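Survey of secondary and tertiary structure
Spelled out, the chains give:
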Amino acid sequence: MIEVLLISGGAPPAALVADTVGKLTAAGARVCYAGSVPDDYLERDLAGAGLAETHQLARSNLRRAAKLPFGERVWIRSRKDRWLREHAARAHVIAAIDDGGVYTVWQLAQRNRTAKAVNGFSPAVDAARELAAQGAPEPGPFRAPASLVAREFGRSVKDLPAAAARLASSRRIMHNRLGAKLWRLPLRLPGVPEGLRLAIGRRVAEAMGWARRHADAEYALAQTASKISDPETKAELLDEAVRLSVNRGANPKYVDRAVSALLALADRELAAGNFDGAADRLKRAHLWAFHRVIHIDQLSTRLSTDTAGFIKPFHDSQVMRQFATPRGRRLPAAPPPTDRPVRLLVVTSANDNFLGHILDRYRKHPDVEVRYLDLATHASLKRISWSDKQIILDRLGHDDGYSALAEDLLRPYLDWADTVFLDWCVGPAAMLTTIDPGDTRIVVRLHSYEAFTRWTQLVDFSRIDDLVFVADHVRDLTKALAPQLNGPLAPRMPVVHNAMELSGFVLEKTADARFNLGLIGVNSVAKDPLWALEVLRLLRAEDERYRLLIVGGDMDPALSKATRKYRKQYEKELEPLVESGAVLRLGPTDDVAGKLTDIGFVLSSSVREGSHVGLMEGAASGAVPVVRDWPFYAGKANSARTLYPEGWVVETPAEAAQRVLEVNATEGGWGDQAKLASEYALSTWDWSVVSADFDELLLGERP
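In short, a report on the structure. Starting from 1, residues in each chain are numbered consecutively following that chain's sequence as written. Reporting in this predicted model follows two pLDDT cut-offs: at least 70 for local features of residues, and 80 or more for side-chain atom pairs to be given and counted; totals over whole chains, interfaces and linings ignore these cut-offs and use all residues. Hydrogens and water molecules were not included; the side-chain quantities draw on all heavy atoms of the structure.

1. What about the overall build of the chain?
What counts here: By the criteria applied, helices consist of DSSP H or I runs no shorter than four residues and strands consist of E runs no shorter than two, each listed in order from the N terminus. We call two residues in contact whenever any of their non-hydrogen atoms come within 4.5 Å of each other. Neither His nor the chain ends contribute to the count of charged residues, in which Lys and Arg are positive and Asp and Glu negative. For the purpose of locating charges, the reference atoms are NZ of Lys, CZ of Arg, CG of Asp and CD of Glu.
Along the backbone of the chain there are 32 helices and 16 strands. Dimensions of the chain along its principal axes, counting C-alpha atoms only, are 105 × 70 × 40 Å. Across the chain, every contact between residues at least 6 apart in sequence was considered, and the portion connecting residues at least 24 apart equals 71%. Placing the 91 positive and 89 negative side-chain charges of the chain at their respective mean positions leaves the two points 10 Å apart.

2. Quick word on the side chain of Asp423
Basically, it comes down to this: Exposure categories follow from relative accessible area, calculated using a 1.4 Å probe and restricted to protein chains: below 20% of the type maximum is buried, above 50% is exposed, and the middle band is partly exposed.
Relative to the elements of secondary structure, Asp423 occurs in strand S8 (residues 419–423). According to the relative accessible area criterion, Asp423 is buried, its value standing at 2%. Filtering out sequence-adjacent residues up to four positions away, Asp423 remains in contact with Val347, Thr348, Phe354, Leu355, Arg445 and His447.

3. Some words on the packing of aromatic side chains
To be explicit about the condition: Pairing of aromatic rings covers Phe, Tyr and Trp, the last through its six-membered ring, and needs centres within 6.5 Å; plane angles under 30 degrees mean stacked, over 60 mean edge-to-face, and all others mean tilted.
Scanning the model with the defined rule gives 16 aromatic pairs in all. Plain terms: the ring middles of Phe515 and Tyr546 are 5.3 Å apart, the flat faces sit at 65° to each other, and that makes the pair edge-to-face. Linking Phe515 in the loop between helix H24 (472–481) and strand S11 (516–522) with Tyr546 in the loop between helix H25 (529–542) and strand S12 (547–554), this pair joins segments that are 31 residues apart in sequence. When its relative accessible area of 2% is taken as the criterion, Tyr546 is described as buried. With a centroid separation of 5.7 Å and an interplanar angle of 70°, the aromatic rings of Trp648 and Tyr680 are classed as edge-to-face. In this pair, Trp648 is assigned in the loop between helix H29 (640–643) and strand S16 (649–650) and Tyr680 in helix H31 (residues 667–684), connecting sequence segments 32 residues apart. Looking at Trp648, the relative accessible area reads 7%, which means it is buried. Of the aromatic side chains, those joined through ring pairs into one cluster are Trp630, Tyr644, Trp648, Tyr680 and Trp685.

4. Considering the sheet that holds strand S1 (residues 2–8)
Going by this rule: Any two strands are treated as partners once DSSP identifies two or more bridges connecting them. Note on geometry: axes are C-alpha line fits, over the in-contact stretch for helices, and angles between N-to-C directions span 0 to 180 degrees.
Ordered by their spatial adjacency, 5 strands build an open sheet running S3-S2-S1-S4-S5, and the pairing between neighbours is parallel. Unpaired on one side and paired on the other, strand S3 (53–56) and strand S5 (116–119) mark the two borders of the sheet. Neighbour-to-neighbour, the strand axes of this sheet turn through a mean angle of 20°, independent of strand direction. Here 7 bridges tie S1 to strand S2 (residues 29–35), and the two strands are oriented parallel to one another. Across the sheet, residue Glu3 finds its bridge partner in S2, namely Arg30. Against the sheet, helix H4 (residues 82–90) touches S1, S2, S3 and strand S4 (93–96), its axis set at about 135° to S1. With respect to the sheet, helix H6 (residues 121–134) is in contact with S1, S4 and S5, its orientation differing from that of S5 by roughly 155°.

5. Brief notes about the pattern of salt bridges
Filter applied, for reference: Each salt bridge in this description consists of a side-chain nitrogen of Lys or Arg and a carboxyl oxygen of Asp or Glu lying within 4 Å of one another.
Counted under the stated rule, the structure contains 43 salt bridges. Between Asp423 and Arg445 there is a salt bridge, and its shortest N-O distance comes to 2.7 Å. Of this pair, Asp423 sits in strand S8 while Arg445 is found in strand S9 (residues 441–446), placing the two residues 22 residues apart along the sequence. For Arg445, a relative accessible area of 0% puts it in the buried group. If you follow the salt bridges from partner to partner, you end up with Asp554, Arg567, Glu571 and Arg585 in one network.

Here it is, written out as structure tokens:
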């Protein structure tokens, strides 16, 4: 006769218990049940379940166990139960039938080493049937090992991941999810020597990675780190946990702990005079805290919702405070020359997307001489432009020759130029500010995405004369992240719109354009096109003439797990809409203006934007703007609501649909709003207007 013992921490569904008991009995098993259940559950609910014996486990908690997880509390209050121990000693199968029974089953399985320990109703039936076919072994002695950790896991340390597969299987621990759960338990046990705990934690993480249980691998490393006193080992474990997570494109659960540990270690290394070690740790802290998986590929981020809390560990760090000390410049920038053309050096690194009109204007300007420097095309400059560790070492006062090399490579350009205009506040800006610019004026433009990267932390803003933003809300966020921007040596921080030639977008609309919504650009999670699909569904519930035209390439699922997950859901919701003709995917194009002739309403569904060029182009074309109140900035002093005219911005898809319906109540009403939108866009953002702001910025000419 096969003895089966079912255990639960709560009251499982009686019908499911009865069904399982029937299957077990048919397999030749005698089934007993023990549970931490209400007083009347056994007689009222399980009376007809066919169980050979039932037993109520203690339900009151010991005071010292009150803060333990529920499953561990069930074991603590039941471990001396004579009935439970006697029945577990002679059981061939011990099954947890809810999460509350898992830990108790694991503990009992350590004492009855011949029993099959499983999780769930179906695995219990499978285990009984397997034993019926193979023959049940005689139960061995029932006793606890001298040390569960030292005996079970210490013995396995040298033989993983093969032992991991064995111990995660039904022969030793549990089937399926339970195996991974049981691996976690010894990592939390007190009193284990740190050397053994570290070896176990690393090997468990290795085993879980081998078994493709990546989250469990990260948990093993983080849990081990929480029990380790050595700061370096703690930081290394947490660093590895975060690395595993971001390498598979997942938002790392333990990034805050890793950043704090790395900064603490960096402070320790700095105090000991180990500049190289301090730079390594600070670099890693920046890398993880500002990783794109956490911010760029998400629909929300703590960097935006709790900026002060997010950046506080860096502001509190001694190494970061020393690093961020402004060095300033020896000489102020010289005024523009009056006896010759202004020498303007325009600099970028492989991204000139927003420079076309600027270069064209000043190359034709009679009072300006332009040189263009793309750092990516110069091997030496490209190599040092993104060397964050060398930049950190230089700022900490450790001279490894980096700034001297930057000086040699850049000085000829700086000596020639009156003004340097560097587009994008990323690595090249940090590199440029390691050297004193002399009396050359330095202007750097920060668009939007840079605020979510580590580079704003690495730039010495005291060596920049003007830090140009494309919108007030981006400036607010950047100032909250970078203390230098609030100090006495902070640069001027003007807001200047992007250079856009919008007059070419003013083309006649097609007859049915006013029933077509447009979405310009869906190549990232931040564009959140699912929001636009919901707007479309609401509109089509009122009038099936509404369609959505999507212009631009799709997001790349290879970027991250978050992007893959979003793209999968997006495609799922998009497919029936495309099949019905409600959505047209127009794909990438060089003729956005031509596509906009079919679009009567232009949407901005994004969670964050700097200024959203596609929306501005749509507005110029006479498409009525419907702008989501970008969640990354919503409710702040500056946001989409302060960037765009009143009435353009809405909070929800329902409000967006309502705006469209109200504007489109009549063709004349839509036409009036379309004209107003175009006039506003052309008078505010067109290059014919914005060029004067650039003249003032770069040449000192006031309109």
